Amino acid sequence: MNIFRRSAVLIASASVGALVLAGCSSDATGPAADSVVVTDQWAKAAGSGMTAVFATVENTGGQDIQVVSASSPLSGAVELHEVADGKMRQKEGGFTIGADQSHTLAPGGDHIMLMDLTGAVAPGSNVEITLTLGDGTTTTFEAQARDFSGNNEEYGDADSADGMDGLDHGSMNHGS
Ligand SMILES: [Cu+2]
């Protein structure tokens, strides 16, 4: 009986210790990825070429967060885009999400652009996206693909055309 009771006390102590440690690691200066919550994410279904991913990206932390880049197993090159004058282009510096703010990625506005698709993005399938944040931490989410026929912004004649060699600029729009 005594042995059992002592074990119970030890287990209780260990649990308290774990709680204290967890509390210490979740302060405002923690990894940015811990403060990012992605909701309402979806991808535009596409047969080939390129497509876009949309979502609401929330920053639950007390400091600004920068989304500096993104990647996906389905794409050879993922870019962070904005739309200006009906044309999309790479967003300088990526997306900034203020403390306790949400950043909406939506057709006609900021979005994640998957270029050079490695395969079809069928309706109902999932597209995995990894966001890299300003502090180097990453967060990964899956966006379900759906048919969407709106949103046909053209690609701006970007000054940021560097590194775009080999891509078909003529077909760079969200349409299919
Ligand atoms: Cu785009």
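Below you will find a few notes about this structure. (Residues numbered from 1 in each chain as written. Predicted model: local features only at pLDDT ≥ 70, side-chain atom pairs only at ≥ 80, totals over all residues. Heavy atoms only, no water.)

A short note on the overall build of the protein
The line we're drawing: A run of H or I in DSSP becomes a helix once it reaches four residues, and a run of E becomes a strand once it reaches two; helices and strands are each numbered from the N terminus. Every residue pair with non-hydrogen atoms within 4.5 Å of one another is taken to be in contact. Each accessible area is a Shrake-Rupley result for a 1.4 Å probe, and residues are judged covered by the shown protein chains and nothing else.
Counting its regular elements, the protein contains one helix and 11 strands. For the protein, the succession of helices and strands along the chain, N to C, is α-β-β-β-β-β-β-β-β-β-β-β. Long-range pairs, those at least 24 residues apart, make up 68% of the contacts in the protein between residues at least 6 apart in sequence. Carbon and sulfur atoms make up 50% of the accessible area of the protein, which totals about 9700 Å².

What about the environment of T51?
We count it as follows: Here a polar contact is recorded for every N or O atom pair within 3.5 Å, except that within protein the pair must consist of a potential hydrogen donor and a potential acceptor, and residues adjacent in sequence are included only if both atoms are side-chain atoms.
In this structure, T51 sits in strand β2 (residues 51-59). Each residue touching T51, except ones within four places of it in the same chain, is listed here: K44, A45, A46, I112, M113, L114, L117 and V121. A polar atom in the side chain of T51 sits 2.4 Å from the backbone oxygen of K44.

What about the coordination of the copper ion?
Applied cut-off: Here a donor is any nitrogen, oxygen or sulfur atom (N, O, S) within 2.8 Å of the metal, with 3.2 Å used for Na, K and Ca; water is not among the atoms considered, so some sites may look incomplete. Any coordination sphere not matching a tetrahedral pattern (four donors, all angles between 85 and 135 degrees) or a square planar or octahedral pattern (four or six donors, opposite donors over 155 degrees apart, other angles between 65 and 115) is reported as irregular. Residue exposure (1.4 Å probe, protein chains only): buried if accessible area is under 20% of the type maximum, exposed if over 50%, otherwise partly exposed.
Looking at the copper ion, the protein donor atoms are H81 (ND1), M88 (SD), H111 (NE2) and M113 (SD), and they sit 2.0 to 2.2 Å from it. Considering all four donor atoms around the copper ion, angles at the metal cover 107 to 112° and the coordination shape is tetrahedral. When the donor residues of the copper ion are listed from N- to C-terminus, their spacing reads H-x6-M-x22-H-x1-M. Taken together, the positions of H81 in strand β4 (residues 75-84) and M113 in strand β8 (residues 111-117) put the pair 32 residues apart, joining distant regions of the chain. Pair check on accessibility: H81 and M113 agree, each one buried.

With respect to the pattern of salt bridges
To keep it simple, the criterion reads: Think of a salt bridge as a Lys or Arg side-chain nitrogen and an Asp or Glu carboxyl oxygen that are within 4 Å of each other.
A full pass over the atoms with the stated rule returns three salt bridges. The shortest N-O distance in the salt bridge between E82 and R89 comes to 2.9 Å. By relative accessible area, R89 is classed as partly exposed at 38%. Across the pair K91 and E82 runs a salt bridge, and its minimum N-O distance is 3.9 Å.

Considering the nonpolar core
To be explicit about the condition: Remark: nonpolar core denotes a set of buried residues (Ala, Val, Leu, Ile, Met, Phe, Trp, Tyr, Cys) joined through side-chain atoms within 4.5 Å.
With 29 residues, the main nonpolar core has V53, I112, L114, I129 and F141 as its most contacted residues. Those elements giving two or more residues to this core turn out to be β1 (36-44), β2, β3 (65-71), β4, β6 (95-97), β8, β9 (126-133) and β10 (138-146). Of the residues forming this core, the biggest block, four residues, is contributed by β9.

As for the pairing of β9
Rule in force here: Paired strands, as defined in this entry, are two strands with at least two bridges between them according to DSSP.
Where β3 and β9 come together, four bridges link them in antiparallel fashion. The residue bridging S69 from the neighbouring strand is T132, located in β9. As judged from the seven bridges shared by β9 and β10, these two strands associate in the antiparallel manner. Paired with T132 across the bridge in β10 is T138.

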